[in-house]
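Spelled out, the chains give:
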Amino acid sequence: MRTSRAVMVAGGCAAIVGAGWAASPKELPTLELVAPSTPEPSESPSVAASPEESPSPSPSAVVEEDDDHDDDDAGDDKGGERDDDESDDVATPAPAQPEPVVTPDPVVTPPPAEEPAAPAAQTFDGPVVTNARGEFQARITVEGGVVTEVQAVAAGTQDAQSVQINANAIPILREEMLAAQSWDVAAVSGASFTSPGFIESARGAFGKAGL
Amino acid sequence: MTGTFRTTVHAMAMPFVVELDEPDPVEVEPAVAEFHASLVWADEVFSLWKDDSYLTAYLRGDLMLDEAPQELREVLEACEWYREATGGGFDARRADGVLDPTGLVKGWAVARASAHLRAARASGWMVGASGDILVSEGCRRRIGIADPRVQGDPQGTPVVDVVELGGTFTALATSGGAQVVDHIWDPVTGDVARHYMQVSVAGRDLTACDAWATAITGGGPRIVPLALAQGLEVLLITGGRYDGTFDAQTSPGWPSVR
């Protein structure tokens, strides 16, 4: 009698919990990471190939793999640190971006036609940096001396809050290094400038005023 | 007319480059003249540097808002709307109490004036509005992002990035840089904004791109997620290095074609 009542109560509780779970499945944003690679830089003919080849692992699988790197935390990885700082700066995280970090995007198109030889793309993994917020490892893709892609191999911990923060923060902005180079462009976008005629006129006015 | 019709008109003390692909040879000159007249009119209404502009008269208290052209109310309300939308990053109220919608007027005036370019019946057109670019739908143009150290017209100078407009994005605005130093203020602190060296925003509406570029320059990293939530894409140049390169951040969808 008492046993059967206990079973009924337990079953009722389980049914309520299950119904609640089914009614509000809590979708945590997940951050897609690229799989850690072998230590030597991998030569790949196309940059876009490397993110595609790696099967996008679930966060839990990545963290298990990252445990191997636990010891080498001495390096100073700028990329990882920046991403972390960015998550602090962003007070109100934007809704999760539809485009995850690993998707190949227009940045990694083949180099412009002016360049004679297509330089081979190389990927380099930064050292794993561990701080209070977890582990961070960046991967950069270098093409002819120009950084064309920055990806996250490891970011934060498996902790749900960490995954959520990093999933929001890291895809928002991608670090780049830009150098001024000559390209064939139709126009240039910059901050507003006054027309040379106006400057000439002003100069003339100053000249007249004896200044 | 085959080929591209190119001309430069001057208004608001700024050059506006107009390019029309294969325009109607009869209609092209009047269309550009209408475009120019619209910009000159906007300058006469909104210039803070002219004592007889409607805005100056309104700020002096000589004029009621309903005595001015309705566009004055429209722009001042747009300033208020963008102040809300950008979380206070774009604020036309200066620290000394003067209402200064200059950050919005250029993009707004170009977007408004570009309607007159349709009369030229060109297959595509581009307006280079002193650093801000607007192209017609499907008019694919490669646009460079100026080196933030360049002063004056950046045309022909080495650029730090190249984007393609005319597809998903038709408008591009850039704020900051070396042109006019210290003319953007942080609405929170009231001081001169020095969050980024240069901010570029790509979108479909030049008024919005111009306002958001100004907002991010003034408000800093706090404003960036709000802009991304609006579907805009940003390029932030965060600092220069000793070897002449720049540290920059881009949003994932930034239409770079480097």
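Owing to the predicted nature of the structure, the values given are computational and were not obtained by experimental measurement.

Conventions and cut-offs
- Residues numbered from 1 in each chain as written.
- Chains lettered and ligands numbered in written order.
- Predicted model: local features only at pLDDT ≥ 70, side-chain atom pairs only at ≥ 80, totals over all residues.
- Heavy atoms only, no water.
- Helix = DSSP H or I, 4+ residues; strand = E, 2+ residues; numbered from the N terminus.
- Contact = heavy atoms within 4.5 Å.
- Pairing = 2+ DSSP bridges.
- Axes fitted to C-alpha atoms, helices over the stretch in contact; angles between N-to-C directions.
- Buried < 20%, exposed > 50% of the residue type's maximum accessible area, 1.4 Å probe, protein only.
- pLDDT = per-residue confidence, 0-100.
- Left-handed = near helix turned anticlockwise from the far one by under 90°.
- Nonpolar A, V, L, I, M, F, W, Y, C, P; charged D, E, K, R; others polar.
- Phe/Tyr/Trp six-rings, centres within 6.5 Å; stacked < 30°, edge-to-face > 60°.

K.L.:
Quick question: what am I supposed to make of the overall build of chain A here?
P.N.:
In terms of regular secondary structure, chain A is built from six helices and seven strands. Overall, chain A shows an N-to-C arrangement of helices and strands of α-β-α-α-α-β-β-β-β-α-β-β-α. Within chain A, contacts between residues separated by at least 24 positions form 68% of all contacts whose residues are at least 6 apart in sequence.

K.L.:
Even after reading the chapter, I still don't get the sheet that holds strand β9 (residues 233-240) of chain B, so can you show me in this structure?
P.N.:
Each strand in a sheet pairs with another by means of backbone hydrogen bonds, the pair being arranged parallel or else antiparallel. Across the sheet, nine strands lie side by side as β6(A)-β10(B)-β9(B)-β8(B)-β7(B)-β4(B)-β3(B)-β2(B)-β1(B); this open sheet has antiparallel pairing. Among the strands making up the open sheet, the edge pair consists of β6 (174-178) of chain A together with β1 (4-11) of chain B. Between one strand and the next, the sheet's axes are offset by a mean angle of 15°, whatever the strand orientation. Relative to strand β10 (residues 246-250) of chain B, β9(B) runs antiparallel, the two being bridged by five bridges. Looking across to β10(B), one finds that Ile237(B) is bridged to Ala248(B). Most of the contacts of helix α1 (residues 28-46) of chain B go to β1(B), to which it runs at about 25°, and overall it touches β1, β2 (14-21) and β3 (124-129) of chain B. Helix-sheet contacts for helix α5 (residues 206-219) of chain B involve β4 (132-135), β7 (171-176), β8 (198-203) and β9 of chain B, and the interaxial angle to β7(B) is about 25°.

K.L.:
Quick question: what am I supposed to make of unusual backbone geometry here?
P.N.:
If a residue is not glycine, its phi is most likely negative; likewise, a peptide bond is most likely trans. Residues and elements named next belong to chain B. Although it is not a glycine, Met 12 adopts a positive phi angle of roughly 55°. Examined against the element boundaries, Met 12 turns out to sit in the loop between β1 and β2. Overall, the relative accessible area of 15% leaves Met 12 in the buried class. Of note, Ser 130 is a non-glycine position whose phi angle comes to about 50°, a positive value. On the secondary structure map, Ser 130 appears in the loop between β3 and β4.

K.L.:
Even after reading the chapter, I still don't get the sheet that holds strand β6 (residues 159-165) of chain B, so can you show me in this structure?
P.N.:
Read from one edge of the open sheet, three strands run β7(A)-β5(B)-β6(B), paired in mixed fashion. In this open sheet, the two strands that pair with only one neighbour each are β7 (187-189) of chain A together with β6 of chain B. If you compare each strand with its neighbour and ignore which way they point, the axes differ by 35° on average. Alignment of β7(A) against strand β5 (residues 141-146) of chain B, held across three bridges, turns out to be parallel. Considered in β5(B), the bridge of Ala187(A) is made with Ile143(B).

K.L.:
Please clarify how the confidence of the model for chain A should be interpreted in this entry.
P.N.:
As a general rule, the predicted coordinates of low-pLDDT regions are not to be interpreted in detail. Residues and elements named next belong to chain A. Averaged over chain A, the pLDDT score is 57; the fraction of residues at 70 or greater is 24%. Of all helices and strands in chain A, the one with the weakest mean pLDDT is helix α3 (residues 59-66) (40), whereas β7 scores best (80). A low-confidence stretch, residues 39-118 (pLDDT under 50), is modelled with 116 contacts involving residues beyond four sequence positions or located in other chains.

K.L.:
I would appreciate a short explanation of the packing of α1(B) against helix α4 (residues 102-113) of chain B in the present structure.
P.N.:
Helix packing for two helices is described by the angle between their axes and how far apart those axes are. Residue and element names in this part refer to chain B. Closest axis-to-axis distance for the α1/α4 pair is 9 Å, and the angle between their directions is 145°. Of the two elements, α1 crosses α4, and the hand of that crossing is right-handed. Taking contact as the criterion, the partners of Phe 35, Ser 38, Leu 39, Trp 41, Ala 42 and Phe 46 in α1 are, on α4, Val 105, Trp 108, Ala 109, Val 110, Arg 112 and Ala 113. For the contact of α1 with α4, the per-class residue count stands at 10 nonpolar, one polar and one charged.

K.L.:
What exactly am I supposed to notice about the environment of Thr102(B) here?
P.N.:
Relative to the elements of secondary structure, Thr102(B) occurs in helix α4. Discounting residues that sit within four places of it in the chain, Thr102(B) has contacts with Leu48(B) and Trp49(B).

K.L.:
Could you clarify how one ought to interpret the packing of aromatic side chains in this entry?
P.N.:
The way to describe two aromatic rings as a pair is by their centre distance and the angle between their planes. Residue and element names in this part refer to chain B. Here the structure, examined in full by the defined rule, presents three aromatic pairs over all chains. Ring centres of Phe 46 and Trp 108 lie 5.4 Å apart, and the angle between their planes is 75°; on these two criteria the pair is classed as edge-to-face. Pair noted here: Phe 46 is in helix α1 and Trp 108 is in helix α4, with a separation of 62 residues, a long-range link. Here Phe 46 matches Trp 108 in class, with each residue buried. Their ring planes at 90° and their centres at 5.0 Å tell us that Trp 81 and Tyr 82 sit as a pair that is edge-to-face. The exposure class of Trp 81 is exposed, given its relative accessible area of 51%.

K.L.:
Looking at this model, I keep getting lost on the environment of Val45(B). Mind explaining?
P.N.:
All names here are of chain B. Here Val 45 is to be found in helix α1. The exposure class of Val 45 is buried, given its relative accessible area of 1%. Taking the C-alpha atoms as reference points, Val 45 and Ala 68, separated by 23 residues in sequence, lie 8.5 Å from one another. Excluding its chain neighbours within four sequence positions, the residues that come into contact with Val 45 are Ser 53, Tyr 54, Leu 55 and Pro 69.

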